[in-house]
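Here is how the chains run, residue by residue.
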Amino acid sequence: MHGKADRLKAAKAPQQVGIAPELLHRLPPGQTVTEKFPILHEGGVPAYDPALWDLRVFGEVEEERTFTLDELKSMPQTNTVSDIHCVTRWSKFDTAWEGVKFSDLLQQIKVKPEAKYVMIHADQDYETNLPLDDVLRDDVLLAFLYDGKPLTPKHGWPLRLVVPHLYFWKSAKWIRGIEFMSEDRPGFWERNGFHNYADPFREQRFSGEALPIPEDEWTRKEFD
Ligand SMILES: Nc1nc2c(c(=O)[nH]1)N[C@H]1C(S)=C(S)[C@@H](COP(=O)(O)O)O[C@H]1N2
Ligand SMILES: [Mo]
């Protein structure tokens with residue numbers, strides 16, 4: 001098993017202070033609100049030539065498609081405001097995103113009826129799996145902008161997935177491919193001790209034994 005799951009299980013609970021009582025129902029169990037925006041990922045921050053960047057859609061589709069940045073930007077853009085929750089115990093309320101709704105992208109693709117799951121492929125060698133129904137929700141975006149500005153390289157420029165209702169490792173940065181699948185298959189963290197589905201309100205942090213112990217790992221990381 002990857003050491004991160006073990007480290008998180010063993011860590012101490014941070015105390016949540018100063019959160020308004022009317023906001024508490026938005027905070028999943030074992031989470032702490034941060035005003036900052038922590039930066040977490042495996043590997044280095046990739047650099048791209050926007051003219052060469054593309055997004056490949058493949059798997060259980062009638063026809064493979066590749067989208068350029070310009071093609072995606074010329075599609076209808078949607079704005080969302082969402083709470084996000086990282087498995088390392090930080091939550092951030094009211095994050096503003098703009099981009100292409102996953103369900104709008106799907107209008108351009110003939111997905112086969114047997115497709116029930118997606119694998120999101122991202123740099124650097126990152127992947128994460130989700131049920132197709134989950135990415136069809138209205139607040140799931142392929143996001144170009146955060147807080148009205150293009151994503152910074154560290155937060156996923158030029159394009160990241162945002163799936164607010166699941167732990168944030170499902171929100172892949174630097175996405176390059178969407179694979180439609182008839183059978184589920186675990187992604188990177190899902191193979192390394194983390195929960196396959198990852199609902200923060202049910203504290204689905206880990207696979208295997210349930211050990212809902214809070215942690216402070218993210219406070220030692222970079223943020224902006
Ligand atoms: N490509 C890629 N996307 C990724 C990751 C990664 O390692 N590589 N880490 C995930 C994890 S664990 C988290 S918590 C969020 C962090 O996003 P942020 O750095 O914008 O806060 O990105 C997710 N997306
Ligand atoms: Mo994470």
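Right above here is the structure, for reference.
This is a predicted model, so every value here is computed, not measured. (Residues numbered from 1 in each chain as written. Chains lettered and ligands numbered in written order. Predicted model: local features only at pLDDT ≥ 70, side-chain atom pairs only at ≥ 80, totals over all residues. Heavy atoms only, no water.)

1. Examining the nonpolar core
Counting residues in hydrophobic clusters, the biggest one holds 45 residues, and the most contacted among them are Phe102 and Phe180. In this structure Phe102 touches Val118, Ile120, Val135, Leu136, Val140, Leu141, Leu142, Leu161, Ile178 and Phe180, once residues within four positions along its chain are discounted. Judged by nonpolar contacts, the second largest core, of 11 residues, contains Ile84, Trp97, Tyr146 and Phe168. (Core = buried A, V, L, I, M, F, W, Y, C linked by side-chain atoms within 4.5 Å. Buried < 20%, exposed > 50% of the residue type's maximum accessible area, 1.4 Å probe, protein only. Contact = heavy atoms within 4.5 Å.)

2. Description of the packing of aromatic side chains
Within this structure, the stated rule accounts for 12 aromatic pairs. Geometrically, the ring pair formed by Phe194 and Phe206 is tilted, given 5.7 Å between the ring centres and 45° between the ring planes. Taken together, the residues Phe194 in the segment after strand E11 (175–181) and Phe206 in the segment after E11 connect sequence positions 12 residues apart. Accessibility expressed as a relative area gives 8% for Phe206, which makes it buried. Ring pairs connect the aromatic residues Tyr126, Tyr167, Trp169, Phe188, Trp189, Phe194 and Phe206, which therefore count as one cluster. In this structure, Arg26 is placed above the aromatic ring of Phe93, and the distance from its NZ or CZ to the ring centre is 4.7 Å. Positioned above the aromatic ring of Phe58 is the side chain of Arg56, whose terminal nitrogen or guanidinium carbon lies 3.8 Å from the ring centre. (Phe/Tyr/Trp six-rings, centres within 6.5 Å; stacked < 30°, edge-to-face > 60°. Helix = DSSP H or I, 4+ residues; strand = E, 2+ residues; numbered from the N terminus. Lys NZ or Arg CZ within 6 Å of the ring centre and 35° of its normal.)

3. Describing the side chain of Glu190
One can find Glu190 in the segment after E11. Of the polar contacts made by the side chain of Glu190, one reaches the side chain of Trp169; its length is 2.8 Å. Apart from residues no more than four positions distant in its own chain, Glu190 is found in contact with Glu127, Thr128, Asn129, Trp169, Lys170, His195 and Asn196. (Polar contact = N/O pair within 3.5 Å; in protein donor to acceptor, adjacent residues only side chain to side chain.)

4. As for the site of ligand 1
In the vicinity of ligand 1, 20 residues are found, and the nearest of them are Pro38, Asp123, His155, Arg160 and Lys173. Note that an oxygen atom of ligand 1 is positioned 2.7 Å from one of the side-chain N or O atoms of Arg160. At a separation of 3.2 Å, a nitrogen atom of ligand 1 approaches a polar backbone atom of Ser171. About the coverage of ligand 1: the protein hides 99% of its 530 Å² of free accessible area. Because more than half of its atoms lie within 2 Å of the grid, ligand 1 is assigned to the largest pocket. Its residues placed into classes, the shell around ligand 1 shows 13 nonpolar, 3 polar and 4 charged. (Near = heavy atom within 4 Å. Areas by Shrake-Rupley, 256 points an atom, 1.4 Å probe, with all protein chains shown as cover. 1 Å grid on protein atoms, 1.4 Å probe; cavity = no way out; pocket = protein on both sides within 12 Å on 5 of 7 lines; lining within 4 Å. Sits in = over half its atoms within 2 Å of the grid points. Nonpolar A, V, L, I, M, F, W, Y, C, P; charged D, E, K, R; others polar.)

5. Re the layout of surface pockets
Approximately 450 Å³ is the volume found for the largest pocket. When grouped by side-chain class, the residues that make up the lining of the largest pocket number 14 nonpolar, 5 polar and 8 charged. (Points joined across faces, edges and corners; volume = space filled by probe spheres on them.)

6. Comments concerning the pairing of strand E6 (residues 117–122)
E6 sits mainly inside the fold: 5 of its 6 residues count as buried. For E6 and strand E7 (residues 126–131), the ladder comprises 6 bridges, and the chain directions are antiparallel. Each bridged residue has a counterpart across the sheet, and for His121 the counterpart in E7 is Glu127. Hairpin connection between E6 and E7: a loop of 3 residues separates the two successive antiparallel strands, and Asp125 in this loop has a positive phi of roughly 55°. Looking at chain direction, E6 and E11 are connected through 6 bridges and run antiparallel. Across the sheet, Ala122 pairs through a bridge with Ile175, a residue of E11. (Pairing = 2+ DSSP bridges.)

7. What to know about the pairing of strand E5 (residues 90–101)
The side chains of a regular strand alternate, first on one face of the sheet and then on the other. For E5, the buried fraction is high: 9 of the 12 residues fall into the buried class. Where strand E1 (residues 32–33) and E5 come together, 2 bridges link them in parallel fashion. Each residue of the ladder has a partner; that of Thr32, found in E5, is Trp90. In this structure, strand E4 (residues 78–85) lies alongside E5, joined through 7 bridges in antiparallel fashion. Bridge assignment links Thr78 to a residue of E5, and that residue is Gly99. The hairpin turn running from E4 into E5, its antiparallel successor, is 4 residues long, and Arg89 in that turn takes a positive phi close to 95°. Across 5 bridges, the pairing between E5 and strand E8 (residues 141–146) is antiparallel. Each bridged residue has a counterpart across the sheet, and for Gly99 the counterpart in E8 is Ala143.

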